[in-house]
Amino acid sequence: MTTRRMPYRRAAGFTLIELLVSVTVLGIVLTALGLVQARSATETKVMQARATAESRARRALDRVAEELTGVGHSLIFPDPSSNFGTSVLTYQRATGVTNAGVVTWNTPSRVELQLDPRELDNGVDDNGDGLVDERRLVFTRNFGTANAQTAVLCTGIPKLAPGELANGIDDNGNGVIDEAGFNVRRIGDLLTLRITVQQPYAGNQVATVSLETSIVLHN
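Heads up: these notes are all about the structure in this document. (Residues numbered from 1 in each chain as written. Predicted model: local features only at pLDDT ≥ 70, side-chain atom pairs only at ≥ 80, totals over all residues. Heavy atoms only, no water.)

1. Notes on the overall build of the protein chain
Part 1: Secondary structure summary: the protein chain contains one helix and ten strands in total.
Part 2: Along the protein chain, from the amino end to the carboxyl end, the secondary structure elements read α-β-β-β-β-β-β-β-β-β-β.
Part 3: Counting over 219 residues, the protein chain shows a buried share of 31%.
Part 4: Restricting to contacts in the protein chain with at least 6 residues of sequence separation, those with at least 24 account for 46%. (Helix = DSSP H or I, 4+ residues; strand = E, 2+ residues; numbered from the N terminus. Buried < 20%, exposed > 50% of the residue type's maximum accessible area, 1.4 Å probe, protein only. Contact = heavy atoms within 4.5 Å.)

2. Quick word on the sheet that holds strand 10 (residues 205-216)
Part 1: If you walk across this open sheet you meet the three strands as 8-9-10, and the pairing is antiparallel. Each edge of the sheet is formed by a strand with only one pairing partner; in this case those strands are strand 8 (182-187) and strand 10. Neighbour to neighbour, the strand axes of the sheet diverge by 15 degrees on average, direction disregarded.
Part 2: Strand direction decides the pairing type here: strand 9 (residues 190-201) and strand 10, joined by twelve bridges, are antiparallel. By the bridge assignment, threonine 196 is partnered in strand 10 with serine 210. (Pairing = 2+ DSSP bridges. Axes fitted to C-alpha atoms, helices over the stretch in contact; angles between N-to-C directions.)

3. Comments concerning unusual backbone geometry
Part 1: In the segment running from phenylalanine 77 into proline 78, the intervening peptide bond is cis, with an omega of -5 degrees.
Part 2: Inspection of the secondary structure assignment puts proline 78 in the loop between strand 1 (76-77) and strand 2 (88-91).
Part 3: We note that asparagine 142 has phi near 60 degrees; this positive angle belongs to a residue other than glycine.
Part 4: Residue placement: asparagine 142 occurs in the loop between strand 6 (135-141) and strand 7 (149-157).
Part 5: Asparagine 142 sits in the buried class, given a relative accessible area of 17%.

4. Details of a nonpolar patch on the surface
Part 1: On the surface, Ile17, Val21, Val25, Val29, Leu30 and Leu33 cluster together into a nonpolar patch covering about 550 Å² of accessible area.
Part 2: In this fold, isoleucine 17 is placed in helix 1 (residues 16-68). (Patch = residues over 30% accessible without salt bridge, like charges linked within 9 Å, V, L, I, M, F, W, Y side chains within 5 Å. Areas by Shrake-Rupley, 256 points an atom, 1.4 Å probe, with all protein chains shown as cover. Salt bridge = Lys/Arg side-chain N within 4 Å of Asp/Glu carboxyl O.)

5. Digging into the side chain of threonine 140
Part 1: Looking at where threonine 140 falls in the secondary structure, it is placed in strand 6.
Part 2: Contact partners of threonine 140, with chain neighbours within four places excluded, come to Pro108, Ser109, Arg110, Ala148, Gln149 and Thr150.

6. Here we look at the sheet that holds strand 1
Part 1: Judged by pairing direction, the sheet is antiparallel, and its five strands sit side by side in the order 1-2-5-6-7 without closing on themselves. Because the sheet does not close on itself, it has two edges, and the strands there are strand 1 and strand 7.
Part 2: The sheet contact formed by strand 2 and strand 5 (residues 109-115) spans four bridges and is antiparallel. Across the sheet, residue valine 88 finds its bridge partner in strand 5, namely glutamate 112.

7. What about the side chain of threonine 90?
Part 1: Locating threonine 90 in the fold gives a position in strand 2.
Part 2: When neighbours within four sequence positions are excluded, threonine 90 is seen to be in contact with Leu75, Ile76, Phe77, Pro108, Ser109, Arg110 and Phe143.

8. Let's talk about the nonpolar core
Part 1: If you look at the biggest cluster of nonpolar residues, it comprises 30 residues, and the most contacted ones within it are Val64, Leu68, Leu137, Phe182, Leu191, Leu193 and Ile195.
Part 2: Elements supplying a minimum of two residues to this core: helix 1, strand 2, strand 5, strand 6, strand 7, strand 8, strand 9 and strand 10.
Part 3: No other element matches the seven residues that helix 1 contributes to this core.
Part 4: Here leucine 191 is in contact with Leu68, Ile76, Pro80, Val184, Arg185, Arg186, Thr213, Ser214, Ile215 and Leu217, once residues within four sequence places are set aside. (Core = buried A, V, L, I, M, F, W, Y, C linked by side-chain atoms within 4.5 Å.)

Here it is as structure tokens:
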């Protein structure tokens, strides 16, 4: 009788090398997924911070533009027609006309960029909020009177606009020398308002947004 040999079959399962390869590939995949998720989370935080900064800047800019609409050349001080512009502006608005045809004016109001009271102008983040030497935009109704009313329109404004240095030069090329984080400049009848707002996120990161708008002054 003839005896047949059954063909040799390897035992089921993985070899040690196959296991090592599988673990390595799995580690690479998981690492890649982790990096994608981390990048996505960071991008989301950046977008949220930029959106917040833009919203704050827009509200402040719209408020100032509304206040200055209808104001005449002779009723703003100082005249921001130099290449430096100004970050402090006092103005008056018309309140009506008398029977004799004389225009009446309200008490002066003021918009001013001020150093945040929790900060020192020393290149250090004194109040620990992630912003260095930050400013705030302050609006004062009835300026210079006993019943003056003050409101903070915006915080987180940098000392200088992006790209600017305090060196007597127009570093960012927009026509304003040593431009502050809030700046007003007049060219003819056109008054241009610019503001930069910073929003900290993720510890030591900062999102920066700059906006501008223009209004036409009365003669």
